[in-house]
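# Observations on the three-dimensional arrangement
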Amino acid sequence: MKTLIKNGTVITAEQTRAADILIENETISQIAEDIQDEDAQIVDASGLMVLPGGVDPHVHLELPMMGTISADDHYTGGKAAAFGGTTTMIDFVSQEPVSLAENVARHRAMADPKTSIDYSLHMNITRYNDEVAEELPDLPRLGITSIKVFTAYNGRLRLDDGSIFKVMRVGGKHGLLTMVHAENGDVIDILIAEALAAGKTAPIHHALTRPAWGEVEASLRAAALAAQADSPLYLVHMNVSGEVDQLAYAREHGVAAMGETCPQYLFFTEEDLKRPDGAKWICSPPMRKFVDQEGLWRGLENGTIQVLATDHCPFFFNGRKPILYEGKEIAIPGKELGEQNFTLIPNGLPGLADRLPVFWTAAVNSGKISPNRFVELTSANPARIFGLYPKKGTLQVGSDADIALWDPKKEVTYGVEWARHRTDYNLYEGWKLRGYPTKVFLRGKMIVNGQEWLGEAGGGRFLHRLTGEIL
Ligand code: URP
Ligand code: ZN
Ligand code: ZN
């Protein structure tokens, strides 16, 4: 099967050029001006930009949490992602008390039959001992080249600093990138106990009990541990200006440190948690202040931050009331679980579908970020860092034909209907966006055509990743 995308403007991280793209089966076979091929099905991209499909390296699908489960699975999450121009996502494997290989096998058994776009996995390391140390080097054989550790969630997910150091030291030797969730778990636990004892149960106390200084301190601690362990480091969901400063410091001092931020931290503040529906904005780490938004934008513009991910982890706002999803009623317990107590509100929010169109409107239309840097932050860099490049993240001969035809003039009043996440709200409800994908291809197959969904459960594949690049 051949498809010829004609008359578009091809945008990669490196260049912008008027060119046609010929797709044969699943990959790109030619990129040139005025390609002719009588056997190919023609897709006219006049007036459109031709972007590599987005790569979102931070999503949580069907994640059990706080008495419920994140509301998108690998089918519904992948579908929403595709409508927003993303064709690859990386989810996390929780470390249950079985071997790492068994954890991965179980996760894949759940995800492989459902996934509607290509996906891979990071391994959470939340329990460390000699057995785990012996199993870590085996992860690359399973296609997994990144692990996540936590400096918060005491008694559940957190590893002590010595264990993080050991994980990094083993990981660094065996081609694994350590991702760190950087908050101060001890301080958070003290502040939460004090807040609850004082009857402070509203959503804003979620932010107030997780102070920004904890992240500044924990991100520098993570960088120092990585330096001492001779390991690369990736700071996830950076939300605080001071964290960007620590990342810059680490990079200036030769640490192989990189990081991501997420759209929610660029557009919202802790003031949103004071709204009557403030629970919608609860995630960890929390929304911060305007000055933090400024620091994050600076980091994206000057290259200190390499990636814009989502940390997509959606819950219903009101899980008592069903929504219609593909014609069927569905309700999943969500934020209402914490109506009386912020500590019971599931942490996380939707974002997979929103990332590209929202960021394009705010970053590219305003002139802050060029279309090439947009591709770099949302597709090329995550593909490079997580060992998927140039199969994913670019448009080259031999790359997978994962392509978003992007209409920079298309105007949309955005919200829950457009996003298609399997949840009942969207953070960007009513936002006027300009710039939106009109057709999306996954390995040469059109899976989104305007408002039409052509993808399917199992249409995506598990991606075996290689050790990534240090950027
Ligand atoms: O609130 C969030 N972000 N939930 C997902 C888990 C995590 O730490 O990324
Ligand atoms: Zn995290
Ligand atoms: Zn996360």
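Cut-offs applied
- Residues numbered from 1 in each chain as written.
- Chains lettered and ligands numbered in written order.
- Predicted model: local features only at pLDDT ≥ 70, side-chain atom pairs only at ≥ 80, totals over all residues.
- Heavy atoms only, no water.
- Helix = DSSP H or I, 4+ residues; strand = E, 2+ residues; numbered from the N terminus.
- Rg over C-alpha atoms; globule rule 2.2 N^0.38 Å.
- Contact = heavy atoms within 4.5 Å.
- Lys, Arg positive; Asp, Glu negative; His and termini not counted.
- Charge placed at Lys NZ, Arg CZ, Asp CG, Glu CD.
- Near = heavy atom within 4 Å.
- Polar contact = N/O pair within 3.5 Å; in protein donor to acceptor, adjacent residues only side chain to side chain.
- Nonpolar A, V, L, I, M, F, W, Y, C, P; charged D, E, K, R; others polar.
- Domains from an automatic or database assignment.
- Buried area = accessible area lost by both parts, 1.4 Å probe.
- Salt bridge = Lys/Arg side-chain N within 4 Å of Asp/Glu carboxyl O.
- Buried < 20%, exposed > 50% of the residue type's maximum accessible area, 1.4 Å probe, protein only.
- Donors = N, O, S within 2.8 Å, 3.2 Å for Na, K, Ca; no water.
- Core = buried A, V, L, I, M, F, W, Y, C linked by side-chain atoms within 4.5 Å.

### Re the overall build of the protein chain
- Each helix and strand counted, the protein chain has 13 helices and 21 strands in total.
- For the protein chain, whose C-alpha radius of gyration is 21 Å, the value lies close to the compact-globule estimate of 23 Å for 471 residues.
- Overall, the C-alpha framework of the protein chain stretches about 70 × 50 × 40 Å when taken along its three principal axes.
- Taking the intrachain contacts of the protein chain between residues at least 6 apart in sequence as the baseline, contacts between residues at least 24 apart amount to 76%.
- In the protein chain, the 46 positive side-chain charges and the 61 negative ones have mean positions that sit 1 Å from each other.

### Let's talk about the site of ligand 1
- Residues in contact with ligand 1 amount to 14 residues; listed here are only the nearest, K148, H181, S284, D311 and N347.
- Between ligand 1 and N347 there is a distance of 3.1 Å, counted from a nitrogen atom to a backbone nitrogen or oxygen.
- One of the backbone N or O atoms of G348 is found 3.4 Å from an oxygen atom in ligand 1.
- Tallied by class, the residues present in the shell around ligand 1 amount to 5 nonpolar, 7 polar and 2 charged.

### Some remarks on the domain arrangement of the protein chain
- The domain boundaries assigned to the protein chain delineate domain 1 (2–52 + 397–421 + 433–453) and domain 2 (54–379).
- Taking only C-alpha atoms into account, the centre of domain 1 sits 29 Å from that of domain 2.
- Among the residues of domain 1 in contact with domain 2, R420, H421 and W453 are the three that bury the most area, contributing 29% of the side total.
- The interface formed by domain 1 and domain 2 contains 1 salt bridge.
- Taking the shortest distance from any N to any O, the salt bridge between D118 and R443 comes out at 2.8 Å.
- Counting residues per element, the ones that place at least two in the side of domain 1 that touches domain 2 are strand 5 (49–52), strand 18 (403–413), strand 19 (432–442), strand 20 (445–449) and strand 21 (452–453).
- Of the residues forming the side of domain 1 that touches domain 2, the biggest block, 8 residues, is contributed by strand 19.

### A closer look at the environment of D34
- Turning to its location among the elements, D34 is positioned in the loop between strand 3 (27–32) and strand 4 (41–44).
- Among the residues examined, D34 registers a relative accessible area of 53% and is labelled exposed.
- Each C-alpha atom of the pair D34 and N381 lies 29 Å from the other, and the pair is 347 residues apart in sequence.
- Aside from chain neighbours lying at most four places away, what touches D34 is K6 and D20.
- Polar contacts involving the side chain of D34 include one to the side chain of K6, which spans 3.4 Å.
- In terms of polar contacts, D34 uses its side chain to reach the side chain of Q36, at 2.8 Å.

### Thoughts on the coordination of the zinc ion (ligand 3)
- Those donors, H58 (NE2), H60 (NE2) and D311 (OD), are the protein atoms that reach the zinc ion (ligand 3), and they lie 2.0 to 2.1 Å from it.
- Of note, the donors binding the zinc ion (ligand 3) are all from one chain and are spaced H-x1-H-x250-D.
- Of the residues examined, H58 reaches a relative accessible area of 0% and is grouped as buried.
- Of the residues examined, H60 reaches a relative accessible area of 10% and is grouped as buried.

### Digging into helix 11 (residues 355–364)
- Within helix 11, 9 of the 10 residues are buried, which leaves the element mostly enclosed by the surrounding structure.
- Along helix 11, the residues that are buried comprise R355, L356, P357, V358, F359, W360, T361, A363 and V364.

### Notes on the nonpolar core
- In this structure, I125, L136, L139, F359 and F374 are the most contacted members of the largest nonpolar core, which totals 107 residues.
- Both domains that meet at this core, namely domain 1 (2–52 + 397–421 + 433–453) and domain 2 (54–379), each give it at least three residues.
- With sequence-adjacent residues up to four places away left out, I125 is seen in contact with Q95, L100, V132, L136, I147, K148, V149, L157, L159 and V167.
- The next biggest cluster of nonpolar side chains, apart from the first, holds 18 residues, and it includes V236, M258, V307 and L463.

### Topic: the coordination of the zinc ion (ligand 2)
- Only K148 (NZ), H181 (ND1) and H237 (NE2) from the protein coordinate the zinc ion (ligand 2), and they sit 2.1 to 2.2 Å from it.
- Site description for the zinc ion (ligand 2): donor spacing in sequence, K-x32-H-x55-H.
- A separation of 4.0 Å is found between the zinc ion (ligand 2) and the zinc ion (ligand 3). Taken together, the positions of K148 in strand 11 (residues 146–150) and H181 in strand 12 (residues 177–181) put the pair 33 residues apart, joining distant regions of the chain. An identical accessibility class is assigned to K148 and H181; each is buried.

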